[in-house]
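Topology and contacts: notes
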Amino acid sequence: MVTEAECWKRLQEVKDPEIPTVSVVEMGMVKRVKVMPGRVHVEMMPTFVGCPALDLIRKQVVRQLSEPDASVEVEVDFVFDPPWTSERITAEGARKLKEFGIAPPGSQLDELPSCPYCGEEKGQVENLFGPTACRAIYYCTRCRQPFEGMKKV
Amino acid sequence: MDIKDAHQAREHPTYHQALVRWITQLADDELTLGHRDSEWLGLCPDIEGDVAFSSIAQDEVGHAAFYFELLHELGEPDPDRLAFARKSHERRNAKLVEQENGDWAYSILRHTLYDIFDGIRLEAMRQSSYLPLRHGVAKIQREEAYHLLHMKTWVVRMGKAGGEARQYLEEAAVRLWPQLDDLFSFGDADEETLLRFGIIAFGSAECQKRWEEQVKVVFGQAGLLWPGEIPLSGRDGRLGQHDPALAQLLKTMTEVYRLDPVARW
């Protein structure tokens with residue numbers, strides 16, 4: 001039987017499919033893990049209501065948590081209470097986002113994130129919308145390249 | 001009194017009926033407009049516009065899926081059937097969102113007018129007695145802020161640009177005004193019941209009042225003249241009275257579903 005701590009460790013292996021270096025734990029998407037006899041219940045918070053990656057994430061969580069003991073039933077629920085907000089991303093998550101070339105979210109809706117490549121603070125908004133629902137596109141006026149940023153939500 | 005889940009809601013038939021009818025309107029508005037947004041893919045004036053409309057389409061359809069899931073929990077058919085198997089007269093969206101996309105200015109102004117309304121409607125549900133709705137609304141509000149910011153920016157930009165851009169925008173306002181009336185109708189969802197049970201905090205007249213105040217600010221910034229009172233069309237989308245545009249939309253949107261309704265995708 002897996003322990004709760006072991007589950008959290010295993011969830012580190014479940015990555016956001018759109019950002020393969022950051023785990024769902026670092027994204028702050030895991031609300032609660034409850035281990036019961038023969039059963040594990042995981043509550044997760046979607047980053048966006050219509051995030052198309054949810055089904056994939058659910059499957060990965062089930063696979064990770066049932067690996068040590070296939071007889072354990074793994075249940076994943078997506079909940080909106082509390083809503084996921086970009087403040088939930090951990091410091092480690094923010095570091096890995098930047099490493100992947102995505103600026104971590106600012107603290108205000110209109111706060112422009114600093115460039116993940118050169119650290120320049122003032123970028124320009126290129127587009128409020130990006131390749132996924134949770135990202136926007138900015139342009140760095142110093143190193144002169146566009147970059148993606150996680151939206152503040 | 002708060003109602004914590006679908007099970008509890010189903011114990012109160014009056015509450016349950018008003019709630020189901022209300023959520024159906026939310027779901028149908030978001031799905032219909034989300035589909036129209038997706039039709040812009042590849043056709044926008046620039047690539048940023050393309051990315052924006054596809055992202056917004058994904059958000060709106062996602063919100064619709066959330067509302068359809070709530071309906072399913074409340075005893076309605078499964079989300080796919082609700083989204084794809086209902087006929088035009090069974091749908092409760094406002095006529096505004098079913099209209100063909102027209103030109104870019106029309107689509108942007110239509111979205112702005114809808115997003116402002118939707119923002120007010122979400123505000124009315126922020127403390128909703130139905131907790132699953134209240135929780136989803138808190139999340140949806142955060143996403144909608146970006147849509148409105150994008151749409152308003154473009155309306156003001158086109159208005160201030162003058163010339164052809166402004167002319168298109170003015171023509172869009174003229175076309176849109178007669179398509180607005182049932183946006184503020186609650187149709188067969190009994191307003192008195194919705195208010196009495198705290199499903200929403202304020203009613204249709206208040207929604208329209210706030211909408212006019214907020215839209216007037218945007219029109220002012222864009223330098224557009226206020227088109228005046230919204231004319232009555234005599235047909236209410238919230239009662240299933242739709243324009244032919246909806247049937248045309250459904251024909252395309254449900255094409256794949258109709259090939260094999262029991263397939264798992």
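Remember, it's a predicted structure, so these values are computed and weren't measured experimentally.

A look at the overall build of chain A
The secondary structure content of chain A amounts to three helices and nine strands. Going from N to C terminus, chain A has its helices and strands arranged as α-β-β-β-β-α-β-α-β-β-β-β. The principal-axis extent of the C-alpha atoms belonging to chain A is close to 55 × 25 × 20 Å. Looking at chain A as a whole, 40% of its 153 residues qualify as buried.

Quick word on the overall build of chain B
Tallying secondary structure elements over chain B gives 12 helices and zero strands in all. Helices and strands appear in chain B in the N-to-C order α-α-α-α-α-α-α-α-α-α-α-α. Against the globule reference of 18 Å for 265 residues, chain B gives a C-alpha radius of gyration of 18 Å, in line with a compact fold. Buried residues in chain B amount to 43% of all 265 residues. If you take every contact in chain B between residues at least 6 apart in sequence, the share linking residues at least 24 apart comes to 78%.

With respect to helix H6 (residues 104-124) of chain B
The terminal C-alpha atoms of H6 of chain B, which comprises 21 residues, lie 30 Å apart, in line with the 30 Å expected from a rise of 1.5 Å per residue. The element H6 of chain B is extensively covered by neighbouring structure, given that 16 of its 21 residues are classed as buried.

Observations regarding the interface of chain B and chain A
Listed as interface residues are 23 residues of chain B and, on the opposing side, 15 residues of chain A. When residues of the side of chain B that touches chain A are traced back to their parent elements, those giving at least two are helix H3 (47-73) and helix H7 (131-161) of chain B. Sorting elements by how many residues they give to the side of chain B that touches chain A places H3 of chain B first, with 12 residues.

Thoughts on the UniProt feature "domain: PaaD zinc beta ribbon" (unreviewed entry) in chain A
The UniProt record annotates "domain: PaaD zinc beta ribbon" (unreviewed entry) at residues 113-151 of chain A. Between the end C-alpha atoms of residues 113-151 of chain A the distance is 9 Å, and the span holds 0% helix and 44% strand.

Details of the domain arrangement of chain A
All names here are of chain A. Under the domain assignment, chain A is made up of domain 1 (4-86) and domain 2 (101-150). For domain 1 versus domain 2, the distance between C-alpha centres works out to 27 Å. In this complex, domain 1 contributes seven residues to the contact, which on the side of domain 2 involves six residues. Along the lines of polarity and charge, the residues of the side of domain 1 that touches domain 2 split into three nonpolar, three polar and one charged.

Observations concerning the pairing of strand S4 (residues 39-44) of chain A
Residues and elements named next belong to chain A. Burial of the side chains of S4 is restricted to one face: Val40, Val42 and Met44 are buried, whereas none of Arg39, His41 and Glu43 on the reverse face is. In the sheet, strand S3 (residues 30-36) pairs with S4 via six bridges, with the strands oriented antiparallel. Across the sheet, residue Val35 finds its bridge partner in S4, namely Val40. Hairpin remark: S3 followed by S4, antiparallel, with two residues in the connecting loop; positive phi at Gly38, about 75°. Read as a crossover between parallel neighbours, the route from S4 over helix H2 (residues 54-66) to strand S5 (residues 73-78) is right-handed.

As for the sheet that holds S4 of chain A
Residue and element names in this part refer to chain A. On the basis of which strands lie adjacent, the open sheet formed by three strands has the order S3-S4-S5 and mixed pairing. Bordering the open sheet on either side are S3 and S5, each of which pairs with just one other strand. Ignoring strand direction, the axes of neighbouring strands in this sheet form an average angle of 15°. Here S4 runs beside S5; their pairing, made up of six bridges, is parallel. In the strand pairing of S5, Glu43 is matched with Asp77. Packing of helix H1 (residues 4-11) onto the sheet brings it into contact with S3 and S4, and relative to S3 it is tilted by some 135°. Sitting on the sheet, H2 touches S4 and S5, and the angle it makes with S5 is about 150°.

Things to note about the packing of H3 of chain B against H7 of chain B
All names here are of chain B. With their axes 11 Å apart at the nearest point, H3 and H7 run at an angle of 165° to one another. By the angle between their axes, H3 is roughly antiparallel relative to H7. At the point where H3 passes H7, the crossing takes the left-handed sense. Together, Ala52, Ile56, Asp59, His63, Phe66 and Leu70 of H3 and Pro132, Leu133, Gly136, Ile140, Glu143, His147 and His150 of H7 make up the contact between the two elements. Looking at side-chain class alone, the contact of H3 with H7 contains seven nonpolar, four polar and two charged residues.

Rules used throughout
Residues numbered from 1 in each chain as written. Chains lettered and ligands numbered in written order. Predicted model: local features only at pLDDT ≥ 70, side-chain atom pairs only at ≥ 80, totals over all residues. Helix = DSSP H or I, 4+ residues; strand = E, 2+ residues; numbered from the N terminus. Buried ≥ 20, exposed ≤ 12 C-beta atoms within 10 Å, placed from the backbone. Rg over C-alpha atoms; globule rule 2.2 N^0.38 Å. Contact = placed C-beta atoms within 7 Å. Expected span 1.5 Å × (residues − 1). UniProt positions renumbered as here; feature names shortened; annotations may be inferred. Domains from an automatic or database assignment. Nonpolar A, V, L, I, M, F, W, Y, C, P; charged D, E, K, R; others polar. Pairing = 2+ DSSP bridges. Right-handed = clockwise from strand over helix to strand, strands pointing away. Axes fitted to C-alpha atoms, helices over the stretch in contact; angles between N-to-C directions. Parallel < 35°, antiparallel > 145°, perpendicular 65-115°, else oblique. Left-handed = near helix turned anticlockwise from the far one by under 90°.

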